[in-house]
Amino acid sequence: MYKNIIVTGGAGFIGSNFVHYVVNNHPGVHVTVLDKLTYAGNKANLAGLPEDRVKLVVGDICDVDLVDSLVKDADAIVHYAAESHNDNSLLDPTPFIQTNIVGTSVLINAARKYDVRFHHISTDEVYGDLPLREDLPGHGEGPGEKFTPESPYRPSSPYSSSKASSDLLVRAWVRSFGLQATISNCSNNYGPYQHIEKFIPRQITNILSGIRPKLYGTGKNVRDWIHTNDHSRAVWQILTKGKIGETYLIGADGEKNNKDVLELILQMMGQPADAYDQVKDRPGHDLRYAIDATKLRTELGWKPEFTDFETGLQHTIDWYTEHRDWWEAEKAAVEAKYARQGQ
Ligand code: NAD
Ligand code: DAU
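Read on for an overview of the structure. Throughout, residues of each chain are indexed from 1 in the direction in which the sequence is written. Chain labels run from A onward and ligand labels from 1 onward, assigned in the order the entries are written. Where totals are concerned, whole chains, interfaces and linings use all residues; where local detail is concerned, this predicted model gives features only for residues with pLDDT of at least 70, and gives and counts side-chain atom pairs only at 80 or more. For the side-chain quantities, the full set of heavy atoms in the structure was used; hydrogens and water were omitted.

Here the focus is the pattern of salt bridges. Side chains bearing opposite charge may pair, as long as their charged atoms lie close to each other. Any Lys or Arg side-chain nitrogen found within 4 Å of a carboxyl oxygen on Asp or Glu counts as a salt bridge. In the structure shown here, the tally under the stated rule is 21 salt bridges. Here E255 makes a salt bridge to R133, at a shortest N to O gap of 2.8 Å. On the criterion of sequence distance, the pair formed by E255 in strand β12 (residues 255-257) and R133 in the loop between β5 (117-123) and α5 (158-177) is long-range, its members being 122 residues apart. The partner of E197 in a salt bridge is K198, with the nearest N and O atoms 3.0 Å apart. Exposure categories follow from relative accessible area, calculated using a 1.4 Å probe and restricted to protein chains: below 20% of the type maximum is buried, above 50% is exposed, and the middle band is partly exposed. Its relative accessible area of 6% is what places E197 among the buried residues. Segments assigned H or I by DSSP are reported as helices when at least four residues long, segments assigned E as strands when at least two residues long, and all are numbered from the N terminus.

If you want it as structure tokens, here you go:
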């Protein structure tokens with residue numbers, strides 16, 4: 001259906017997994033990756049992909065002329081590029097405003113100008129957080145006890161508020177200018193190519209480096225984990241079958257608290273379950289995320305393939321164990337930055 005797609009942020013974690021997914025599953029589609037290669041972008045994430053199917057353009061989504069020159073020849077844009085780490089947004093929100101808000105506005109202006117299909121990748125964090133299951137009358141399954149597309153926007157951090165702003169821009173461009181766009185808000189991804197600043201890869205690579213894992217606060221905070229391959233399949237469904245103007249929530253019923261995830265990683269890597277440090281909590285730390293993906297499942301027929309978290313986690317541990325050259329050079333600097341924050 002779409003022959004030439006632009007994937008912004010395609011050298012980052014989720015974007016590169018999506019590019020691999022498209023190349024492996026949808027012959028005949030050419031992907032142009034537009035990526036600034038910030039600290040989070042890595043050319044190596046696209047290594048081995050055929051040159052006649054994937055072209056990397058190193059550049060900024062805020063560059064109006066560059067974006068215009070690429071969008072005029074495309075028939076769809078899948079927009080992943082963002083500053084993505086909450087902790088960084090607490091240290092300096094400026095690049096989050098620039099890339100996540102201004103960058104998105106540049107892309108949707110170009111998509112409008114050339115009438116190009118646009119899919120906006122967003123996060124469940126735009127909805128703020130939820131009480132823990134044990135504090136809810138329906139124990140997390142009752143009405144309003146998970147995020148739905150109707151949940152009010154209530155972002156907590158500079159990162160999530162910048163993503164919320166970008167969602168609202170896309171919605172306004174759909175309504176006012178007829179932009180051919182959809183939005184998806186996904187929960188926490190895990191899998192290969194995730195930057196080692198993030199929770200799961202940080203703990204795996206800590207253990208592989210002989211550093212004690214670090215848990216923020218008590219670790220009661222709940223994240224709703226989804227394997228990044230399941231996210232990619234959902235995005236393709238929405239891009240090709242989703243209804244213009246609609247928002248789809250993506251999640252795989254993977255709620256777990258951070259302490260349980262960390263103890264599982266330790267156990268799977270042959271360490272004592274208490275071999276970690278509790279460190280300073282994140283300011284404004286969201287308590288619980290949980291996705292109700294009924295709309296995606298019923299309207300578009302999507303369902304996750306990674307239904308067993310332990311299996312997906314084992315693949316992820318194996319990947320970081322086998323790809324030390326992908327992360328090892330950065331490890332000391334990432335940990336030094338956390339240490340300066342008391343984390
Ligand atoms: P990431 O930080 O791993 O990758 C972001 C990519 O964007 C990098 O390759 C980076 O170089 C690129 N980039 C940053 N600024 C840019 C700019 N100005 N111009 C061009 N490229 C730029 O992020 P990720 O975890 O892969 O997240 C990708 C998207 O998915 C983001 O929009 C994020 O909000 C969203 N998301 C992430 C998760 C998650 O769990 N990681 C969950 C839901 C939604
Ligand atoms: O929910 C989707 C979001 O998931 C995405 O929009 C973000 O881009 C992505 O980074 C992720 O945000 P989180 O803040 O949930 O992810 P992070 O990996 O930073 O942290 C996950 C949880 O683990 C969170 O509760 C904080 C905690 N944590 C994190 C780190 C880095 C720790 O306990 N220790 C750590 O060392």
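Whether a residue is near a molecule or strand depends on its heavy atoms: if one lies within 4 Å, it is near. Ligand 2 sits among 25 residues. The nearest are T123, D124, Y159, R282 and H285. Between ligand 2 and the protein, one listed contact pairs an oxygen atom with a side-chain N or O atom of E125 at 2.9 Å. Take N188: an N or O atom from its side chain is 2.7 Å from an oxygen atom of ligand 2. All accessible-area figures derive from a Shrake-Rupley calculation using a 1.4 Å probe, and residue coverage is judged against the displayed protein chains alone. A total of 690 Å² of accessible area belongs to ligand 2 in isolation, and the protein chains cover 94% of it. Each residue is assigned to one of three groups, with Ala, Val, Leu, Ile, Met, Phe, Trp, Tyr, Cys and Pro labelled nonpolar, Asp, Glu, Lys and Arg labelled charged, and all others, Gly among them, labelled polar. Tallied by class, the residues present in the shell around ligand 2 amount to seven nonpolar, 10 polar and eight charged. Between N or O atoms, a polar contact is any pair within 3.5 Å; within protein, one atom must be a potential hydrogen donor and the other a potential acceptor, and residues adjacent in sequence are included only when both atoms are from side chains.

By nearness alone, 28 residues border ligand 1, and I14, D35, S84, Y159 and K163 come closest of all. Between an oxygen atom of ligand 1 and a main-chain N or O atom of G12, the distance comes to 3.0 Å. Contacts to ligand 1 include I61, whose backbone N or O atom sits 3.0 Å from a nitrogen atom. Partitioned by chemical class, the residues of the shell around ligand 1 number 12 nonpolar, 12 polar and four charged.

For the rest of this paragraph, the subject is the sheet that holds strand β2 (residues 30-35). Read from one edge to the other, the open sheet built from seven strands follows the order β3-β2-β1-β4-β5-β6-β11, with strand pairing classed as parallel. Every interior strand has two partners, whereas the edge strands, β3 (54-58) and β11 (247-250), have only one. Averaged over neighbouring strand pairs, the angle between their axes works out to 20 degrees when direction is ignored. Where strand β6 (residues 181-186) meets β11, four bridges bridge the pair, whose relative direction is parallel. Across the sheet, residue N185 finds its bridge partner in β11, namely L249. Across the sheet, helix α1 (residues 13-25) is in contact with β1 (4-8), β2, β3 and β4 (76-79); its angle to β1 comes to roughly 160 degrees. A pair of strands counts as paired when DSSP detects no fewer than two bridges linking them. The axes are straight lines fitted to the C-alpha atoms, using for helices just the contacting stretch, and the angles between their N-to-C directions are given from 0 to 180°. In this analysis, two residues are considered to be in contact whenever any of their non-hydrogen atoms come within 4.5 Å of each other.

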